[in-house]
Amino acid sequence: MSARPTPLVHRPRRIVPAALLGLGLLAAGAGGAWTTGALLLRGAWPAQLAGAMPALGGVTVGDRAVLAAAAVLAVLGVVLLLAALWPGRPRRRAVLADAVPGTTALADGDLARRVRSRVERVDGVRSARVAVRGRTVRVGVRTVLEDPAPVAAGARRAADAAIEQLRPVTVPRARVRVRRAD
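In this report, we go over the structure that sits alongside the text.

**Comments concerning the packing of helix α3 (residues 108-120) against helix α4 (residues 149-166)**
Relative to each other, α3 and α4 sit at 140 degrees, their axes nearing to 8 Å. By the criterion of interaxial angle, the relationship of α3 to α4 is oblique. In this structure, α3 crosses over α4, and the sense of that crossing is right-handed. Along its contact with α3, which presents L111, R114, V115, R118 and V119, the element α4 presents A155, A158, A159, A161, A162, I163, Q165 and L166.

**Regarding the side chain of T136**
Along the chain, T136 falls in strand β4 (residues 136-143). By relative accessible area, T136 is classed as buried at 16%. Setting aside residues no more than four positions away along its own chain, T136 makes contact with A131, P172, R173 and R175.

**Concerning the packing of helix α1 (residues 15-42) against helix α2 (residues 64-85)**
Look at α1 against α2: their axes get within 7 Å of each other, and the N-to-C directions meet at 155 degrees. Here α1 lies roughly antiparallel to α2, going by the angle between them. Seen along the crossing, α1 lies across α2 with a hand that is left-handed. For the pair α1 and α2, the contacting residues are I15, A18, A19, L21, G22, L23, L25, L26, A28, G29, G32 and T36 in the first and L67, A70, L73, A74, L76, G77, V78, L80, L81 and A84 in the second. The residue makeup of the contact of α1 with α2, split by class, is 17 nonpolar, five polar and no charged.

**Concerning the nonpolar core**
Counting residues in each nonpolar core, the largest one holds 23 residues, and the members touching the most others are V115, V119, V137, V139 and V141. Elements with a minimum of two residues in this core: α3, β3 (125-133), β4, α4 and β5 (173-180). Beyond its immediate stretch of four places on either side in the chain, V115 contacts V130, V137, V139, A159, A162 and I163.

**Comments concerning the pattern of salt bridges**
Tallied over the entire structure, the rule returns four salt bridges. In this structure, D110 engages R113 in a salt bridge whose closest nitrogen and oxygen atoms are separated by 2.4 Å. One end of the pair, D110, and the other, R113, are both in helix α3, three residues apart, so they sit about a helical turn from each other. Where R180 meets E146, a salt bridge forms, and the shortest distance between an N and an O atom there is 3.0 Å. Remark: E146 occurs in the loop between β4 and α4 and R180 occurs in strand β5; sequence separation between them is 34 residues. The exposure class of R180 is partly exposed, given its relative accessible area of 42%. Here E146 falls in the exposed class, since its relative accessible area comes to 63%.

**Concerning α2**
Taking 1.5 Å per residue, 22 residues should reach 32 Å; α2 reaches 32 Å between its end C-alpha atoms and fits that length. Taken together, the buried residues of α2 touch α1.

**Observations concerning the side chain of T143**
Locating T143 in the fold gives a position in strand β4. Looking at T143, the relative accessible area reads 0%, which means it is buried. Those residues in contact with T143 that lie beyond four places of it in its chain are G124, R126, P148, V151, V178, R179, R180 and A181.

About the thresholds
Residues numbered from 1 in each chain as written. Predicted model: local features only at pLDDT ≥ 70, side-chain atom pairs only at ≥ 80, totals over all residues. Heavy atoms only, no water. Axes fitted to C-alpha atoms, helices over the stretch in contact; angles between N-to-C directions. Helix = DSSP H or I, 4+ residues; strand = E, 2+ residues; numbered from the N terminus. Parallel < 35°, antiparallel > 145°, perpendicular 65-115°, else oblique. Left-handed = near helix turned anticlockwise from the far one by under 90°. Contact = heavy atoms within 4.5 Å. Buried < 20%, exposed > 50% of the residue type's maximum accessible area, 1.4 Å probe, protein only. Nonpolar A, V, L, I, M, F, W, Y, C, P; charged D, E, K, R; others polar. Core = buried A, V, L, I, M, F, W, Y, C linked by side-chain atoms within 4.5 Å. Salt bridge = Lys/Arg side-chain N within 4 Å of Asp/Glu carboxyl O. Expected span 1.5 Å × (residues − 1).

By themselves these figures say nothing about function.
Okay, structure coming up:
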C-alpha cells in the first residue's frame, strides 16, 4: 500500500483514445503518401497493393483529391497526437490550502453555486449567473435599480469574499457584469 494518497485534483485522461485515433489517421496518411511515392518513382503500384488497386481503377493517385485527402489525414493525425499529449482542464480545484497534509478539492460547479448564492444576497440583485472557467469567475448580475454601480461593487465584494473564504491554491479572478432587468 502506498503512503501517498491519490491526488484529488488531476487532469482528465484522454491520452489513450486520442492517441489511438491519431496513430490510425497518421498511418492512413503515411500509407497514402507511401503508395503515391512508389507509383511516382517506379511507375507501378507497390507489390503489396497490386491486387487491390484494380478495384480502385476509377481513382487515380495523381488526383488532387487523393493527394489532399492523404495530406489532411496526416496533418489530422499529428494534431490529434499533440492533443493527446496536452492535458485537459482539471474538473476540481484545490482549496483550503494550509500546513495540514492532504488535499481538499472543490468542483468548479460547486464554487459557482457558492459564489452565486453569496452574490444573490446583495441588495439590489434580482438574479445572478456564475460560470467558473480556469482562473476566471464570470458573474452576470441582473438588477432593477436605475444606478447599477453600487450593485456591481457589492456583487464584486461578495464574489471576492466567497472565493477568499475557500482559499484556493490558484485564486480565480471575479469579473462582474451588471445588466438592468426590464
